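So the chains spell out like this:
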Amino acid sequence: MTSTEAPKSAPAKAPRKGRFFRRVGRIFLGFFLFLLSLVIALQLPFVQSWLGSMAADWLSNKTGHEVRAEALRIDFLDLAVDLKGLYLGDLHGDTLIFAEHLHAVLGEVQQERRAIVIDEVALEDGGIFLVKYPGESGMNLDTFLARLKPEQPDTLSTTEPWIIEFDKVRLDRASFRLQNPEITGTEAAFQPSDIGLSDISV
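Basis of the calculations
- Residues numbered from 1 in each chain as written.
- Predicted model: local features only at pLDDT ≥ 70, side-chain atom pairs only at ≥ 80, totals over all residues.
- Heavy atoms only, no water.
- Core = buried A, V, L, I, M, F, W, Y, C linked by side-chain atoms within 4.5 Å.
- Buried < 20%, exposed > 50% of the residue type's maximum accessible area, 1.4 Å probe, protein only.
- Helix = DSSP H or I, 4+ residues; strand = E, 2+ residues; numbered from the N terminus.
- Contact = heavy atoms within 4.5 Å.
- Salt bridge = Lys/Arg side-chain N within 4 Å of Asp/Glu carboxyl O.

A.B. asks: What's the story with the nonpolar core in this structure? I'm lost.
C.D. replies: Soluble globular proteins tend to bury their nonpolar side chains together. Ranked by internal contacts, the top residues of the largest apolar core, which has 19 residues, are Leu-83, Leu-88, Leu-96, Ile-97, Leu-102, Leu-123 and Leu-171. Elements that contribute at least two residues to this core include exactly strand S3 (80-89), strand S4 (95-110) and strand S5 (115-131). Once you skip the residues sitting within four places of it in the chain, Leu-123 turns out to touch Ile-97, Phe-98, Ala-99, His-101, Leu-102, Ile-128, Arg-170, Leu-171, Asp-172 and Ala-174.

Written out as structure tokens, the structure reads:
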């Protein structure tokens with residue numbers, strides 16, 4: 001006597017709606033883990049220094065001025081930036097700005113005024129050297145800032161360009177020099193065409 005086996009039923013498939021939500025959940029989980037990894041990576045000193053080196057290279061290529069930064073530290077909670085070993089040269093190979101330590105704190109971004117307010121900038125153990133070279137229309141710093149602007153500004157745009165404001169600038173053990181041979185000199189010891197100050201703390 002033979003017995004017949006009951007046909008096996010196919011395994012029930014998960015509802016399509018359930019599979020859809022599981023896929024969406026995996027996508028959001030992967031996106032969250034990516035953002036978390038990115039935030040953690042940006043806190044690492046060598047990653048921040050790499051970003052500082054990339055920014056310095058971009059500025060060098062954009063302006064033609066030599067720009068270097070040995071180390072960069074970013075505090076995302078306090079919106080503060082610390083640069084060590086900062087160097088900015090002019091187009092003649094002379095030093096424009098250098099600082100062993102530069103500290104900056106971002107204040108606020110005012111969208112209506114199109115202004116970025118920097119609460120404080122502190123330059124320590126460095127110097128600023130402004131020079132007016134013969135045949136050039138402005139100081140060496142003017143040349144650097146002009147090259148940061150877009151090469152072909154949008155003449156159709158009616159919006160005002162963004163501006164940067166500094167609430168407080170602090171100099172610690174810094175040097176300053178201003179050279180402009182176009183300023184007529186005098187026979188006195190004070191020469192307005194060549195002003196130099198050293199060991200400034202203000």
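From this point, the narrative continues.
A.B. asks: Got a minute to help me understand the pattern of salt bridges in this structure?
C.D. replies: Between side chains of opposite charge, a pair can form as their charged atoms come close. Considering all chains together, one arrives at 6 salt bridges under this definition. The shortest N-O distance in the salt bridge between Arg-113 and Glu-165 comes to 2.4 Å. Highlighted residues: Arg-113 in the loop between S4 and S5 and Glu-165 in strand S6 (residues 163-166), separated in sequence by 52 residues. Residue Glu-165 is classed as partly exposed on the basis of its relative accessible area, which comes to 27%. Its salt-bridge partner being Arg-170, residue Glu-124 comes within 4.0 Å of it at the nearest N-O pair. Separated by 46 residues along the polypeptide, Glu-124 in strand S5 and Arg-170 in strand S7 (residues 169-172) bring together distant segments of the chain. Three or more residues joined by partner-sharing salt bridges are found here, namely Glu-120, Glu-124, Arg-170 and Asp-172.

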